[in-house]
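Observations on the model geometry
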Amino acid sequence: GWDDDQDMMIKLCSEGANACFISGDLDTMHQFIDEVISKDISVNDKFRVCEIECLAAQAAGKFGESLALCLEVRRQLGLPSPANKPASKFTVIKEFIKTKRALGKMTAEDIANLPALTDERIIKGQRMLELMITSTFHCCPTMYPLVSFLLV
């Protein structure tokens, strides 16, 4: 197993967890997830099971749990994340202004013509933000705009 081919075991457990999630076998899904999470491997290797765990938490209505996991994965990836608490109006306005300044006078067409993102760490971080959108909407709506700004 793990000693012979770690990459294959990660793939098997990840896809097994995904198949179990899709079919509704949540007990087996959690066994696959726990198998990968318990290993001393990088967050990049654990990413797929973390993604599935977030989706499963959302499907179960555990939005706070999903949000906390997404934030933790982003931190482990070394990416900035909002605090896991309601955001003040001041913070939302400040982050809006930062985002508006970063965009400058770019049009929608300019943004669409930007080169494709190739950094896997950033791509994974953006995926966590996408998952966070649903959770923030349900459990911490004032964080919703902060997550949206980070997606830009």
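Our subject in this report is the structure included herewith. (Residues numbered from 1 in each chain as written. Predicted model: local features only at pLDDT ≥ 70, side-chain atom pairs only at ≥ 80, totals over all residues. Heavy atoms only, no water.)

Taking 1.5 Å per residue, 17 residues should reach 24 Å; helix H3 (residues 43–59) reaches 23 Å between its end C-alpha atoms and fits that length. Largest kink in H3: about 35°, centred on Val 49. Next to the buried residues of H3 lie helix H1 (6–23), helix H2 (26–37), helix H4 (63–76) and helix H7 (120–139). Where H3 ends, the next residue or the one after it, Gly 61, has phi of about 80°, a positive value. (Helix = DSSP H or I, 4+ residues; strand = E, 2+ residues; numbered from the N terminus. Expected span 1.5 Å × (residues − 1). Bend = angle between axes of the 7 residues up to and from the residue. Contact = heavy atoms within 4.5 Å.)

The subject of this paragraph is the environment of Phe 96. Here Phe 96 shows up in helix H5 (residues 89–103). Under the relative-accessibility criterion, Phe 96 is labelled partly exposed at 43%. Separated by 53 residues in sequence, Phe 96 and Phe 149 place their C-alpha atoms 6.8 Å apart. (Buried < 20%, exposed > 50% of the residue type's maximum accessible area, 1.4 Å probe, protein only.)

This next bit is on the pattern of salt bridges. One pass over the full model with this rule turns up seven salt bridges. Between Glu 15 and Arg 48 there is a salt bridge, with the nearest N and O atoms lying 3.6 Å from each other. Placement of the pair is Glu 15 in helix H1 and Arg 48 in helix H3, with a sequence separation of 33 residues. Judged by relative accessible area, which is 44%, Glu 15 ranks as partly exposed. Through salt bridges with shared partners, a single ionic network connects Glu 15, Arg 48, Glu 51, Arg 127 and Glu 130. (Salt bridge = Lys/Arg side-chain N within 4 Å of Asp/Glu carboxyl O.)

A cluster of acidic side chains, namely Asp 3, Asp 4, Asp 5 and Asp 7, defines a negative patch on the protein surface. Along the chain, Asp 5 falls in the segment before H1. (Patch = residues over 30% accessible without salt bridge, like charges linked within 9 Å, V, L, I, M, F, W, Y side chains within 5 Å. Areas by Shrake-Rupley, 256 points an atom, 1.4 Å probe, with all protein chains shown as cover. Lys, Arg positive; Asp, Glu negative; His and termini not counted. Charge placed at Lys NZ, Arg CZ, Asp CG, Glu CD.)

Their axes nearest at 9 Å, the elements H1 and H3 cross at an angle of 15°. When the axes of H1 and H3 are compared, the pair comes out roughly parallel. Pair H1 / H3 crosses with left-handed handedness. Facing H1, whose interface residues are Gln 6, Ile 10, Ser 14, Glu 15, Ala 17, Asn 18 and Phe 21, H3 presents Asp 45, Arg 48, Val 49, Ile 52, Leu 55, Ala 56 and Ala 59. Considering only residue class, the contact of H1 with H3 consists of eight nonpolar, three polar and three charged. (Axes fitted to C-alpha atoms, helices over the stretch in contact; angles between N-to-C directions. Parallel < 35°, antiparallel > 145°, perpendicular 65-115°, else oblique. Left-handed = near helix turned anticlockwise from the far one by under 90°. Nonpolar A, V, L, I, M, F, W, Y, C, P; charged D, E, K, R; others polar.)

On to helix H8 (residues 144–151), then. Of the positions making up H8, those classed as buried are Leu 146, Val 147 and Phe 149. Seen end-on, H8 carries its buried residues on one side only, within an arc spanning 160°. Turning to H8, the residues buried within the fold contact H5 and H7. (Arc of directions from axis to C-beta.)

What follows is about the side chain of Ser 14. In this structure, Ser 14 sits in helix H1. Of note is the side chain of Ser 14, whose polar atom sits 2.7 Å from the backbone oxygen of Ile 10. Beyond its immediate sequence surroundings of up to four residues, Ser 14 is in contact with Arg 48, Val 49 and Ile 52. (Polar contact = N/O pair within 3.5 Å; in protein donor to acceptor, adjacent residues only side chain to side chain.)

In the contact formed by H3 and H4, the axes pass within 8 Å of each other and the chain directions differ by 165°. On the basis of their axis angle, the class for H3 and H4 is roughly antiparallel. Between H3 and H4 lies a crossing of left-handed hand. Listed contacts from H4 to Val 43, Phe 47, Cys 50, Glu 53, Cys 54, Ala 57 and Gln 58 of H3 are Phe 63, Glu 65, Ser 66, Leu 69, Cys 70, Val 73 and Gln 76. Split by residue class, the contact of H3 with H4 holds nine nonpolar, three polar and two charged.

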